[in-house]
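The lines below spell out each chain.
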Amino acid sequence: MIASGSHAPGIRAADFGLPAGTAMRIERAADALRPVLSSYTVLDSDEALWSGASNWLLPGWAKIWIGLAANSLDVKVGSRHYPQLGPAMLFGVTSRAMPATTYGGVSIVIDVGPLAWARLFALSAESLRDRITPLAVLVPPGWSEDLVARIARSDRGADIKFVIDDFFHERLPPPHKSEATLARIIALLGDEATHDLSKAAVQVGIDDRLLRQLAKRYFGFPPKLLSMRTRFLRALTELLVDQGEPDFAATPKGYHDNSHFIRDANRFLGMTPRRFLALDLPVTRAAARARALVMGAATSSLDSVIE
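Just so you know, these numbers come straight off a predicted model, no measurement behind them.

K.L.:
Even after reading the chapter, I still don't get helix H7 (residues 208-219), so can you show me in this structure?
P.N.:
For an α-helix, 3.6 residues make a turn, and residues three or four places apart therefore share a direction. Of all the positions in H7, only Leu211, Leu214, Ala215, Tyr218 and Phe219 are classed as buried. Angular distribution of buried residues about the axis of H7 spans 105 degrees; they occupy a single face of the element. Exposed and facing more than 90 degrees away from the buried side of H7 are Arg209 and Gln213. In the core, the buried residues of H7 are packed alongside helix H2 (114-120), helix H5 (179-190), helix H6 (197-203) and helix H8 (223-241).

The following block contains the structure:
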């Protein structure tokens, strides 16, 4: 098993709350790579204890997933089923929580937010939303294979941050022409005071037509759905990382009442918050808690721009 933790200062792996037989690292991308790239996650689990275990992945930005286990991940995205993923896959932006079956071993996730998408992929994020695609068909020849090979040669633990940093220092394309505008949109989404993305964007000089065009092209969804998903994830992850008994009678921040929150839960989870949080979610909870400790947000979809 790898050693859990992070190179970020002041982080104690014991605070992640990991279940037995698992290990996890959350690493910040190098300063020179931010805000284009935010974080890398390594998850290791004992095959004897976790083979065939269920897990849930929260909706969010795209992710590059690298699997080094003998048996691969099995994932459902809405009505689509992806059994036995290949060694390097791109999870497109998602609007639904994804049930997954794991079989032990090491996997690595690289967050791909809108700024990274603009630099890395020619296709619209909207065209690949709620889909999983082999990474090799979306990037230049040899790019995917090189990334997998470098990770496979590493210790798959403490070295991962430096291996992925070095890869993107060499391979990350130059800034996209719309990068400054995309960063302003990300900052608005990450601001708890933003209740309506379209209205907030107008106030910083981004008209509604441009916002809608950029949102669908690089964020994968129109502005209204992005606002809804961000509000919901902020409320859900607060409950998810809290180790106490959830108070379902309290109205979450950003909501008028609980029925509103439940409607959003059915949209993004396919079930009520009470039912979702009653599931056995030890890895999902630990990952959200660890990322909040290291990055300040439990999921990359709640990140603001890191200067």
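K.L.:
What exactly am I supposed to notice about the pairing of strand S1 (residues 22-28) here?
P.N.:
Consecutive residues of a regular strand have side chains that alternate between opposite faces of the sheet. Counting buried residues along S1, six of its seven residues qualify, which places the element largely inside the surrounding structure. Note that S1 and strand S2 (residues 39-45) share seven bridges and pair antiparallel. Across the sheet, Ala23 pairs through a bridge with Asp44, a residue of S2.

K.L.:
Even after reading the chapter, I still don't get the pairing of strand S9 (residues 105-112), so can you show me in this structure?
P.N.:
With respect to burial, S9 is a largely interior element, six of its eight residues being buried. Inspection of the sheet shows S2 paired to S9 by six bridges, in the antiparallel sense. Residue pairing for S9: Leu43 is matched across the bridge by Ser107. In this sheet, S9 lies alongside strand S4 (residues 62-67) in antiparallel orientation, the contact comprising six bridges.

K.L.:
I keep staring at unusual backbone geometry and nothing clicks. Help me out?
P.N.:
Peptide bonds are mostly trans, and most non-glycine residues show a negative phi. Cis geometry marks the peptide bond from Arg34 to Pro35, where omega comes out at 10 degrees. As for its position among the elements, Pro35 is in the loop between S1 and S2. The phi angle at Arg156 is positive, at roughly 65 degrees, despite the residue not being glycine. You can call Arg156 partly exposed: its relative accessible area is 28%.

K.L.:
Explain the sheet that holds strand S6 (residues 80-82) here, please?
P.N.:
Strands belonging to one sheet form pairs held by backbone hydrogen bonds; the direction of such a pair is parallel or antiparallel. Strand order in this open sheet of four strands is S3-S8-S5-S6, and the pairing throughout is antiparallel. Both edges of this open sheet fall to strand S3 (53-57) and S6, since each of them pairs with a single strand only. Neighbour-to-neighbour, the strand axes of this sheet turn through a mean angle of 20 degrees, independent of strand direction. Relative to S6, strand S5 (residues 74-77) is paired through three bridges, and the arrangement is antiparallel. Bridge assignment links Val77 to a residue of S6, and that residue is Arg80.

K.L.:
Got a minute to help me understand helix H4 (residues 160-171) in this structure?
P.N.:
A rise of 1.5 Å per residue sets the reference length of H4, with its 12 residues, at 16 Å; its end C-alpha atoms lie 16 Å apart and thus fit the reference within 8%. What H4 keeps buried is the set Ile160, Lys161, Val163, Ile164, Asp165, Phe167 and Phe168. In this structure, the buried residues of H4 make contact with S1, S2, S4, S9, H2 and helix H3 (143-153).

K.L.:
How do you make sense of the sheet that holds strand S7 (residues 88-91) when you look at a structure like this?
P.N.:
Read across the open sheet, the six strands follow the order S1-S2-S9-S4-S7-S10; overall the sheet is antiparallel. Strand pairing shows two members of the sheet lacking a second neighbour, S1 and strand S10 (132-134), which therefore form its edges. Taking each pair of neighbouring strands and ignoring which way they run, the sheet shows an average axis angle of 20 degrees. Along the sheet face, helix H11 (residues 282-295) touches S1, S2 and S9 and points at about 30 degrees away from the line of S1.

K.L.:
Sorry, what's going on with the packing of aromatic side chains here?
P.N.:
What characterises a pair of aromatic rings is the spacing of the ring centres plus the angle enclosed by the ring planes. The full count for this structure, using the stated rule, is nine aromatic pairs. Geometrically, the ring pair formed by Trp56 and Phe276 is edge-to-face, given 5.8 Å between the ring centres and 85 degrees between the ring planes. A residue pair is termed long-range when its members are at least 10 positions apart, and Trp56 in strand S3 and Phe276 in helix H10 (residues 273-278) qualify at 220 residues. Exposure remark for Phe276: the relative accessible area of 0% places this residue in the buried category. Taken together, the aromatic side chains of Phe232, Tyr255, Phe261 and Phe268 make up a single cluster linked through ring pairs. It is Arg229 that lies over the ring of Trp61; its NZ or CZ is 4.5 Å from the centre. Positioned above the aromatic ring of Tyr255 is the side chain of Arg231, whose terminal nitrogen or guanidinium carbon lies 4.6 Å from the ring centre.

K.L.:
Teacher, can you tell me more about the side chain of Asn55 here?
P.N.:
Among the secondary structure elements, Asn55 is positioned in strand S3. For Asn55, a relative accessible area of 11% translates into the label buried. Of the polar contacts made by the side chain of Asn55, one reaches the side chain of Thr284; its length is 2.7 Å. In contact with Asn55, not counting residues within four places along its chain, are Met98, Pro99, Ala100, Val283 and Thr284.

Reading guide: rules and limits
Positions within a chain are numbered from 1, following the residues in the order the chain's sequence is written. Totals for whole chains, interfaces and linings use every residue, but because this is a predicted model, local features are given only for residues with pLDDT of at least 70 and side-chain atom pairs only at 80 or more, for both listing and counting. Hydrogens are left out, water is left out, and the side-chain values use all remaining heavy atoms of the structure. Think of it in three bands: residues with accessible area under 20% of the maximum for their type are buried, residues over 50% are exposed, and the middle band is partly exposed, with areas taken using a 1.4 Å probe on protein chains only. Helix and strand labels come from DSSP, where a helix needs a run of H or I of at least four residues and a strand needs a run of E of at least two; each type is numbered from the N terminus. Taking the helix axis as origin, the arc is that swept by the directions to the C-beta atoms. Should any heavy atoms of two residues lie within 4.5 Å, those residues are counted as being in contact. Strands were regarded as paired on the criterion that DSSP finds at least two bridges between them. Axis definition: a line fitted to C-alpha atoms, over the contacting stretch in the case of helices. Angles run 0 to 180 degrees between N-to-C directions. Helix span, expected: 1.5 Å multiplied by one less than the number of residues in the helix. Two aromatic rings from Phe, Tyr or Trp, using only the six-membered ring of Trp, form a pair when their centres are within 6.5 Å; if the ring planes differ by under 30 degrees the pair is stacked, by over 60 it is edge-to-face, and anything between is tilted. Placement of a positive charge over a ring is assigned whenever Lys NZ or Arg CZ falls within 6 Å of the ring centre and within 35 degrees of the normal to the ring plane. What qualifies as a polar contact is a pair of N or O atoms within 3.5 Å, subject to a donor-acceptor requirement within protein and to the restriction that residues adjacent in sequence count only when both atoms come from side chains.

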